[in-house]
Amino acid sequence: MKKRTLTCISCPLGCQVTAEINKGEIVSVTGNTCKRGDVYARKELTNPTRIVTSTVEVIGGESSRLPVKTRTDIPKSMIFDCILALKGLKVKAPLKVGDVVLENVCGTGVDIIATKTIKTF
Amino acid sequence: MKYDIVIIGGGPAGLAAGKAAKQAGADSILILERDHELGGILNQCIHNGFGLHTFKEELTGPEYAERFIDKVCELGIEYKLNTMVMHIEKNKRVVAMNSSDGMFSIEAKSIILAMGCRERPRGSLNIAGYRPAGIFSAGTAQRLVNIEGFMTGREVVILGSGDIGLIMARRMTLEGAKVKAVAELMPYSGGLKRNIVQCLDDYGIPLKLSHTVVDIRGKERVTGVTIAEVDENFKPIAGTEEDFDCDTLLLSVGLIPENELSKEIGIEMNPVTNGPLVNDRLETSCEGVFACGNVLHVHDLVDYVSEEAALAGKNAARYVKKGSGAKAEQNITIEGKNGVRYTVPSTVNPELMEDFVTVRFRVGGVYKDRYISVKLDGEEIIRRKRPVMAPSEMEDIKLHKAKLCEKPEAKSITISIEEG
Ligand SMILES: Cc1cc2nc3c(=O)[nH]c(=O)nc-3n(C[C@H](O)[C@H](O)[C@H](O)COP(=O)(O)OP(=O)(O)OC[C@H]3O[C@@H](n4cnc5c(N)ncnc54)[C@H](O)[C@@H]3O)c2cc1C
Ligand code: SF4
């Protein structure tokens, strides 16, 4: 039996939630004050995901960096691969919020999109 | 030049104030922004976590800003970029400067202060040693990394656990730097819980509470820092020193409202927030001059900035149309007591107020299972249980007009934290 303790971030209370894991299965969750803590711990321990944000280089734009994000969350384990995939990427202005900058990043099925409108210089 | 309403600052506060003023019927509105684009600090906050309350989705800073900028453009609100406001005068003349118009002045009927805040300068830190290169405020580092695309270092120690520092710990880690530790003087974090988890825990970055930097090494460039634990009087404890090699020290030690302009016209300030004292219409002690956003008090959630600013905009529009109409003797003072460090606003006028007024405040420590008690001339009118309150999370409570009008002679409201 393994124990993992994490801080629930679903509300400012920030309960320390402990999960007992047996052969990769969560057998119990304790320490949570409400149901959301249970849901949070199970998701975090079985399939943690994050939205990743970064910037890429812009050519011919009124600013030189374009802020970008994954359209939806991707597996936490893919964060660094995703960042690596953006290294050296160059995009041409003009760009609008929501424009796809890179499709299906690292095979996650999730696109990288622009989070800012950048006009040409 | 003449405008009904001049808004100083084109960040989220200025934008939301402009939008609300226009929607409340004001026509002649001008936003003055010293930067080359609208959006304020949000432009460098490329992370997500903005707008959950307002748009029911999680946006990045630039996305949140763009929604408001689009609205401002759609409503045809005028703005001037690269324009720095130099002075304001009691008669509401605004003196500004830019490269195409030079120095120019504008007569305004109402002014909305929305200048945001700046980081505490490092001079205010008492760290011994030289001042080598490689020491940055977290916000400066954020701008360099996110807007200029310039990495400030490879091995990093962060002093202060404010949100900007936490966000930068993650950002620099993703960009390939090694963030060795975040030291926080207080026994609790200065940032949001969510940021501790997603910016530090996710990457195994240690948060050292009750710790501070006692020494910075290096002459030309930082080569390392020493961190030590502090006692309850914030004095370093001998024998707890720990050395870290690093080329960068980020300081995330708090923000202060940018109020040089406000002070010029003698606006009464709140020594706790370093922002103006305001009534429930967010009007300062100078009639027709309103304040909102981080210039009023430092916010951690932009949604509340927009909400607050909309109120300032609406009231400025009303002031332009109808004048003040306020009688000082109708005001009820609002005061924070017993753990409540300050309140915004600090007075409320039951005659003129809307159906309810949102009072925002911060507490001075971490409290568990306590009550917020609101008393009107000593008699409790609201009691709310809060499972947890912390200095890093802004609290609010609503005062209802109907309740205040029940006691027309009342003079004061206190908001305090109480047990059981
Ligand atoms: C690093 C960081 C991370 C944050 N993370 C989050 C988050 O995850 N979620 C969230 O909801 N909120 C977050 N916030 C909070 C939120 O972004 C701020 O509270 C909000 O941007 C404040 O808006 P403002 O308009 O008052 O100030 P600002 O955005 O600072 O805008 C003020 C504007 O006024 C201009 N100005 C100042 N003086 C003058 C002058 N004399 N003349 C002309 N123009 C002037 C400035 O150039 C600036 O554009 C974060 C803040 C920071 C700093
Ligand atoms: S478990 Fe419930 S009460 Fe505790 S932090 Fe999570 S959401 Fe908040």
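Owing to the predicted nature of the structure, the values given are computational and were not obtained by experimental measurement.

Cut-off values and rules
- Residues numbered from 1 in each chain as written.
- Chains lettered and ligands numbered in written order.
- Predicted model: local features only at pLDDT ≥ 70, side-chain atom pairs only at ≥ 80, totals over all residues.
- Heavy atoms only, no water.
- Domains from an automatic or database assignment.
- Pairing = 2+ DSSP bridges.
- Helix = DSSP H or I, 4+ residues; strand = E, 2+ residues; numbered from the N terminus.
- Axes fitted to C-alpha atoms, helices over the stretch in contact; angles between N-to-C directions.
- pLDDT = per-residue confidence, 0-100.
- Expected span 1.5 Å × (residues − 1).
- Buried < 20%, exposed > 50% of the residue type's maximum accessible area, 1.4 Å probe, protein only.
- Arc of directions from axis to C-beta.
- Contact = heavy atoms within 4.5 Å.
- Buried area = accessible area lost by both parts, 1.4 Å probe.
- Salt bridge = Lys/Arg side-chain N within 4 Å of Asp/Glu carboxyl O.
- Polar contact = N/O pair within 3.5 Å; in protein donor to acceptor, adjacent residues only side chain to side chain.
- Nonpolar A, V, L, I, M, F, W, Y, C, P; charged D, E, K, R; others polar.

Enquirer: Sorry if this is basic, but what is going on with the domain arrangement of chain A here?
Expert: It is common to report an interface's size as the accessible area lost on association of the parts. Under the domain assignment, chain A is made up of domain 1 (2-46) and domain 2 (53-114). A separation of 32 Å is found between the C-alpha centroids of domain 1 of chain A and domain 2 of chain A.

Enquirer: Please clarify how the sheet that holds strand S12 (residues 178-184) of chain B should be interpreted in this entry.
Expert: The pairing of strands in a sheet comes from backbone hydrogen bonds and takes either a parallel or an antiparallel form. Residues and elements named next belong to chain B. Strand order in the open sheet made by the five strands is S10-S17-S11-S12-S13, with parallel pairing throughout. At either margin of the open sheet sits one strand with a lone partner, and together these are strand S10 (135-137) and strand S13 (207-209). Neighbour-to-neighbour, the strand axes of the sheet open up by a mean angle of 20°, direction not taken into account. Across three bridges, S10 lies against strand S17 (residues 248-251) in parallel orientation.

Enquirer: Any chance you could explain the confidence of the model for chain A here in plain terms?
Expert: For residues with low pLDDT, the predicted coordinates do not support detailed interpretation. Residues at a pLDDT of 70 or more form 100% of chain A, whose mean pLDDT is 94. Within chain A, strand S1 (residues 2-7) of chain A has the poorest average pLDDT of any element, 91, and strand S10 (residues 112-114) of chain A the best, 98.

Enquirer: I would appreciate a short explanation of helix H8 (residues 302-322) of chain B in the present structure.
Expert: With 21 residues, H8(B) should reach 30 Å at 1.5 Å per residue; the first-to-last C-alpha distance of 30 Å fits that figure. Residue Gly323(B) follows H8(B) closely and has a positive phi angle near 75°.

Enquirer: What is the right way to look at helix H1 (residues 35-46) of chain A in this model?
Expert: The α-helix winds at 3.6 residues per turn, so residues separated by three or four positions along the chain end up facing the same way. For H1(A), built from twelve residues, the straight-helix expectation of 16 Å at 1.5 Å per residue is met to within 8% by its first-to-last C-alpha distance of 17 Å. Buried residues of H1(A): Gly37(A), Asp38(A), Tyr40(A), Ala41(A), Glu44(A) and Leu45(A), and no others. The arc that holds every buried residue of H1(A), seen down its axis, measures 165°, which confines them to one face. Every exposed residue of H1(A) that faces more than 90 degrees away from the buried side is listed here: Lys35(A) and Thr46(A). Each element contacted by the buried residues of H1(A) is listed here: S1, strand S2 (16-22), strand S3 (25-30) and strand S4 (49-50) of chain A together with helix H6 (193-200) of chain B.

Enquirer: Please explain the interface of chain A and chain B as it appears in this structure.
Expert: Chain A puts 24 residues into the contact, and the matching count from chain B is 28 residues. Between chain A and chain B, a total of about 2,400 Å² is buried, with carbon and sulfur atoms accounting for 55% of that surface. Ranking the residues of chain A by area buried against chain B places Ile9(A), Leu13(A) and Thr53(A) at the top, with a combined share of 21%. Across the contact surface, chain A and chain B share five salt bridges. The tally of links from chain A across to chain B stands at nine residue pairs in polar contact (both at pLDDT 80 or more). Mapped onto the side of chain A that touches chain B, the elements with two or more residues apiece are strand S5 (53-59), strand S6 (65-70) and helix H2 (79-86) of chain A. Residue composition of the side of chain A that touches chain B, by class: ten nonpolar, eight polar and six charged.

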